[in-house]
Amino acid sequence: MHYLADYGLYLAKILTFLAALLFFVIATLALITKNKSRPKSGTLSINKINDKYQEMEDLFHKEMLDKKAFKSLQKIQKKKEKERPIKKRAYLLKFDGDIRASAVESLREEITAILGVASPQDEVIVCVESAGGMVHSYGLAASQLQRVKDKRIPLTIIIDKVAASGGYLMACVGHKILAAPFAIIGSIGVVAQIPNFHRWLQKNNIDFEQITAGQYKRTLTVFGENTNKDREKFKEDIEEVHHYFKAFITENRPIVNIEQVATGEHWLATRALELKLIDGLSSSDDYLFSLSQTTDIFEVTYKAKKSFPEKISQLIKHYGFVF
């Protein structure tokens, strides 16, 4: 009897767990559907960079001076702050690009917010860090920066580490491009590559069938047999993208010898300066600190609100769970 009771209890626990799991799956699917039908909201954060610099300065003065001298210095600083002329304004954005240029979703919101208040007397500064990625994604990112330019607002691009390929497609939109001396610049080229398993399938007597409508709906494939005609068409498509890439840079930076730099090579910023790919050597830290003496700098950050499934996915990644 004890055995039956224990078995019944164990079975009840299993059924309870399965019911809870089923409820979780249904609730998750419902939330996914709900989130797909409703646009995501997010939070726009604005932080004044000048305040950060002032806090650093005050911290040092507090440690180095006695209380009386420190209070006296604070009074002098407050008096100067009241008497100083109105500073110009600058808006700081940071774009950290991956292969899909995922940050463009935040960039478009940040730029929309800035364009509502900025004027041609202000400045927009974008710190771009990207080794490039998908053509259409970085094309959209570049078009977001073009919105600033179209409003005749000075646009400064700063590169601390890398702006290559799609990253440079974005950077070239700027009125002024600055880079840290050892930043990587360039890679003005296009690449596409796919594996092909056709011979392996043949060896294992596996057929692959693909039906298309349109002569060039598919050219190179992963499983089918690729012909020279397919390869020629694929190369033609790549060359066309490269052509428009070069044309875009020429339009935005006519001072560049495009045939000299559009070889797919990349260079350190010191050499990129000689090639006129950038306008000066400076890290973002140097530029922003110097600018803060005459300008109020506001860092603008947009963070999209995560859906419930995205939060669960983030927790799984954090704790290392794998399904």
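Please read these numbers as outputs of a predicted model, since none were measured by experiment.

Participant: How should I be thinking about the overall build of the chain in this particular structure?
Facilitator: Across its full length, the chain holds twelve helices and ten strands. Counting only contacts in the chain whose residues sit at least 6 apart along the sequence, the fraction spanning at least 24 positions is 73%. Total accessible area on the chain stands at roughly 21800 Å², and carbon and sulfur atoms take up 58% of it.

Participant: Where do I start with the sheet that holds strand E10 (residues 295-304) in this structure?
Facilitator: By definition, the strands of a sheet pair up through backbone hydrogen bonds, in either a parallel or an antiparallel sense. The strand order E1-E10-E2-E3-E4-E6-E9 describes an open sheet built from seven strands, whose pairing is mixed. The sheet is open, and its two borders are formed by strand E1 (42-48) and strand E9 (280-281), each paired with just one other strand. Sheet topology note: the strand E4 (residues 155-159)/strand E6 (residues 176-179) ladder contains four bridges and is parallel. If you follow Thr156 over to E6, its bridge partner there is Lys176. Docked against the sheet, helix H4 (residues 104-115) engages E1, strand E2 (88-96), strand E3 (123-129) and E10, running at close to 170° with respect to E2.

Participant: How should I be thinking about a nonpolar patch on the surface in this particular structure?
Facilitator: A contiguous nonpolar patch, built from Phe197, Trp200, Ile206, Phe208 and Phe223 and spanning about 490 Å² of accessible area, is present on the exposed surface. Within the element layout of this structure, Phe208 appears in the loop between helix H7 (198-203) and helix H8 (228-252). Take Phe208: its relative accessible area is 38%, and that puts it in the partly exposed class.

Participant: Looking at this structure, how should I read the pairing of E3?
Facilitator: Each regular strand shows side chains that alternate between the opposite faces of the sheet. Of all seven residues making up E3, seven are buried, and the element is well covered by its neighbours. Residues Glu123, Ile125, Cys127 and Glu129 line one face of E3 and the alternating positions Val124, Val126 and Val128 line the opposite face, and both faces are buried. One crossover worth recording links E2 to the parallel E3 by way of H4, and it is right-handed. Relative to E4, E3 runs parallel, the two being bridged by four bridges. Of the residues in E4, the one forming a bridge with Ile125 is Thr156. A crossover connection joins E3 to the parallel E4 through helix H5 (residues 135-150); in handedness this β-α-β unit is right-handed.

Participant: Please clarify how the side chain of Ser137 should be interpreted in this entry.
Facilitator: Position of Ser137 among the secondary structure elements: in helix H5. Beyond its immediate stretch of four places on either side in the chain, Ser137 contacts Arg100 and Ala101.

Participant: Any chance you could explain the confidence of the model for the chain here in plain terms?
Facilitator: Interpretation of this model should avoid reading the predicted coordinates in detail wherever pLDDT is low. Averaged over the chain, the pLDDT score is 84; the fraction of residues at 70 or greater is 79%. Contacts of residues 316-323 to residues separated by more than four positions or lying in other chains number two contacts, the stretch itself having pLDDT below 50.

Participant: How should the pattern of salt bridges be read in this particular structure?
Facilitator: Pairing is possible between side chains of opposite charge, provided their charged atoms come close. This model, assessed by the stated rule, comprises eleven salt bridges. With a shortest N-O distance of 3.6 Å, Lys246 and Glu259 are connected by a salt bridge. In this pair, Lys246 sits in helix H8 while Glu259 sits in helix H9 (residues 258-261), placing the two residues 13 residues apart along the sequence. Notably, a salt bridge pairs Arg253 with Asp279, separated by 3.0 Å at the nearest N-O pair. A residue pair is termed long-range when its members are at least 10 positions apart, and Arg253 in the loop between H8 and H9 and Asp279 in the loop between helix H10 (269-274) and E9 qualify at 26 residues. Via salt bridges that share partners, Lys233, Glu236 and Asp237 belong to a single interconnected network.

Participant: So what exactly am I meant to see when it comes to the packing of H4 against H5 here?
Facilitator: Pairs of packed helices are described in terms of their axes, by the angle between the two and the distance that separates them. With their axes 10 Å apart at the nearest point, H4 and H5 run at an angle of 10° to one another. Between H4 and H5, the angle is such that the two are roughly parallel. Every residue of H5 that contacts H4 at Val104, Leu107, Arg108, Ile111, Thr112 and Leu115 is listed here: Leu140, Ala141, Gln144, Leu145, Arg147 and Val148. Class assignment for the residues of the contact of H4 with H5 results in eight nonpolar, two polar and two charged.

Participant: Hey, could you run me through the nonpolar core in this one?
Facilitator: Taken as a class, soluble globular proteins show a tendency for nonpolar side chains to be buried jointly. Residues Ile185 and Leu277 are the most contacted members of the largest nonpolar core, which totals 46 residues. In this structure, Ile125, Leu288, Leu291 and Ile297 belong to the second largest nonpolar core, which totals twelve residues.

Participant: Hey, could you run me through unusual backbone geometry in this one?
Facilitator: One non-glycine residue, Ala101, lies in the positive phi region at around 50°. With relative accessibility at 0%, the residue Ala101 sits in the buried group. The phi dihedral of Ser165 falls on the positive side, at around 55°, and the residue is not glycine. Tracing the sequence through the fold places Ser165 in the loop between strand E5 (162-164) and helix H6 (166-171).

Participant: Quick question: what am I supposed to make of helix H11 (residues 284-291) here?
Facilitator: One turn of the α-helix equals 3.6 residues, which is why residues spaced by three or four share an orientation. Of the positions making up H11, those classed as buried are Ser284, Tyr287, Leu288 and Leu291. For H11, the angular spread of buried residues about the axis comes to 90°, placing them on one side. Relative to its buried face, H11 has exposed residues pointing more than 90 degrees away, namely Asp285 and Asp286.

Conventions used here
- Residues numbered from 1 in each chain as written.
- Predicted model: local features only at pLDDT ≥ 70, side-chain atom pairs only at ≥ 80, totals over all residues.
- Heavy atoms only, no water.
- Helix = DSSP H or I, 4+ residues; strand = E, 2+ residues; numbered from the N terminus.
- Contact = heavy atoms within 4.5 Å.
- Areas by Shrake-Rupley, 256 points an atom, 1.4 Å probe, with all protein chains shown as cover.
- Pairing = 2+ DSSP bridges.
- Axes fitted to C-alpha atoms, helices over the stretch in contact; angles between N-to-C directions.
- Patch = residues over 30% accessible without salt bridge, like charges linked within 9 Å, V, L, I, M, F, W, Y side chains within 5 Å.
- Salt bridge = Lys/Arg side-chain N within 4 Å of Asp/Glu carboxyl O.
- Buried < 20%, exposed > 50% of the residue type's maximum accessible area, 1.4 Å probe, protein only.
- Right-handed = clockwise from strand over helix to strand, strands pointing away.
- pLDDT = per-residue confidence, 0-100.
- Parallel < 35°, antiparallel > 145°, perpendicular 65-115°, else oblique.
- Nonpolar A, V, L, I, M, F, W, Y, C, P; charged D, E, K, R; others polar.
- Core = buried A, V, L, I, M, F, W, Y, C linked by side-chain atoms within 4.5 Å.
- Arc of directions from axis to C-beta.

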